[in-house]
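Residue-level structural notes
Spelled out from the first residue to the last, the chains are:
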Amino acid sequence: MKILILNGPNLNLLGRREPDIYGNSSFEDFFSTLQFEFKQVELAYFQSNVEGEIINELHRAQQNNYHGIVMNPAAYTHTSVAIADAVAAIDIPVVEVHISNVMDREEIRHISLISKKAMGTISGFGLDSYRLGIQSFLNLKP
Ligand code: DQA
């Protein structure tokens, strides 16, 4: 099974960015842990701060035959019609994940333009949200 983890803006700063909310681990370190924990999954990782690059990567995922995408669109969750359209446009299921519990934060973060197009949303479990996202694809396997 091939799964792409797709991270949006500012998530390249994980570990240094607001650690009280997002924790102390860099995503690169965490990604190595995921690769170790999910040896049966071919995991790939892409991060961009640029909306169009995230859209291009969603399109590429379709060409590269990924079975699923675990996506943290970060702040674009709340603003990007274009990313929501790209999620709807591809045939690959997308699980939306958030490190923090967005429903327990500012009102702007209660809105997700992505959720409606996603297979499901996991929010508030710290970096475990990604683990749960990957596991949700494994649970679907016949
Ligand atoms: C986030 C929540 C978003 O509101 C925020 O803009 C982020 C990270 C999270 O993982 O908790 O950058 O997606």
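Before reading further, recall that the structure is shown in the block above.
Quantities reported herein were computed from a predicted structural model and do not represent experimental measurements.

**Some details on the overall build of the protein**
- A count of helices and strands for the protein gives 5 helices and 5 strands.
- The N-to-C order of helical and strand elements in the protein reads β-α-α-β-α-β-α-β-β-α.
- Relative to the compact-globule value of 14 Å for 142 residues, the protein shows a C-alpha radius of gyration of 14 Å, a close match.
- Structurally, the protein occupies a C-alpha span of about 40 × 35 × 25 Å along its principal axes.
- By residue count, 44% of the 142 residues in the protein fall in the buried class.
- Put simply, 76% of the contacts in the protein that link residues at least 6 apart link residues at least 24 apart.
- For the protein, the accessible surface area stands at approximately 7100 Å², while carbon and sulfur atoms represent 50% of it.

**Overview of helix 2 (residues 27–37)**
- Within helix 2 the residues assigned to the buried category are Phe27, Phe30, Phe31 and Leu34. Around the axis of helix 2, the buried residues are gathered within 105 degrees of arc, so they sit on the same side. Exposed residues lying more than 90 degrees from the buried face of helix 2 are Asp29 and Phe36.

**Details of the sheet that holds strand 1 (residues 2–7)**
- The strand order across the open sheet built from 5 strands is 2-1-3-4-5, with neighbouring strands paired in parallel fashion. The outermost strands of the open sheet, each flanked by one partner alone, are strand 2 (42–47) and strand 5 (120–123). Neighbour-to-neighbour, the strand axes of this sheet turn through a mean angle of 20 degrees, independent of strand direction.
- In this structure, strand 3 (residues 68–72) lies alongside strand 4 (residues 94–98), joined through 3 bridges in parallel fashion. Looking across to strand 4, one finds that valine 70 is bridged to valine 95.
- Of the strands in this sheet, strand 1 and strand 2 touch helix 2, which is tilted by about 165 degrees from strand 2.

**Thoughts on the environment of tyrosine 22**
- Tracing the chain through its elements places tyrosine 22 in helix 1 (residues 19–22).
- Residue tyrosine 22 is classed as buried on the basis of its relative accessible area, which comes to 8%.
- Taking the C-alpha atoms as reference, tyrosine 22 lies 26 Å from alanine 82; in sequence the two are 60 residues apart.
- Once residues lying within four places of it in the same chain are set aside, the contact partners of tyrosine 22 are Leu14, Arg17, Ile99, Ser100 and Arg105.
- In terms of polar contacts, tyrosine 22 uses its side chain to reach the side chain of arginine 105, at 2.9 Å.

**Let's talk about the site of the ligand**
- Around the ligand sit Arg17, Tyr22, Asn72, Ala74, Ala75, His78, His98, Ile99, Ser100, Val102, Arg105 and Arg109, and that is every residue in its neighbourhood.
- Arginine 17 is positioned such that a nitrogen or oxygen atom in its side chain is 2.9 Å from an oxygen atom of the ligand.
- Within the side chain of histidine 78, one N or O atom sits 2.7 Å away from an oxygen atom of the ligand.
- Here the ligand is seated within the largest pocket.
- Looking at the shell around the ligand residue by residue, the class counts come to 5 nonpolar, 4 polar and 3 charged.

Rules used throughout
- Residues numbered from 1 in each chain as written.
- Predicted model: local features only at pLDDT ≥ 70, side-chain atom pairs only at ≥ 80, totals over all residues.
- Heavy atoms only, no water.
- Helix = DSSP H or I, 4+ residues; strand = E, 2+ residues; numbered from the N terminus.
- Rg over C-alpha atoms; globule rule 2.2 N^0.38 Å.
- Buried < 20%, exposed > 50% of the residue type's maximum accessible area, 1.4 Å probe, protein only.
- Contact = heavy atoms within 4.5 Å.
- Areas by Shrake-Rupley, 256 points an atom, 1.4 Å probe, with all protein chains shown as cover.
- Arc of directions from axis to C-beta.
- Pairing = 2+ DSSP bridges.
- Axes fitted to C-alpha atoms, helices over the stretch in contact; angles between N-to-C directions.
- Polar contact = N/O pair within 3.5 Å; in protein donor to acceptor, adjacent residues only side chain to side chain.
- Near = heavy atom within 4 Å.
- 1 Å grid on protein atoms, 1.4 Å probe; cavity = no way out; pocket = protein on both sides within 12 Å on 5 of 7 lines; lining within 4 Å.
- Sits in = over half its atoms within 2 Å of the grid points.
- Nonpolar A, V, L, I, M, F, W, Y, C, P; charged D, E, K, R; others polar.

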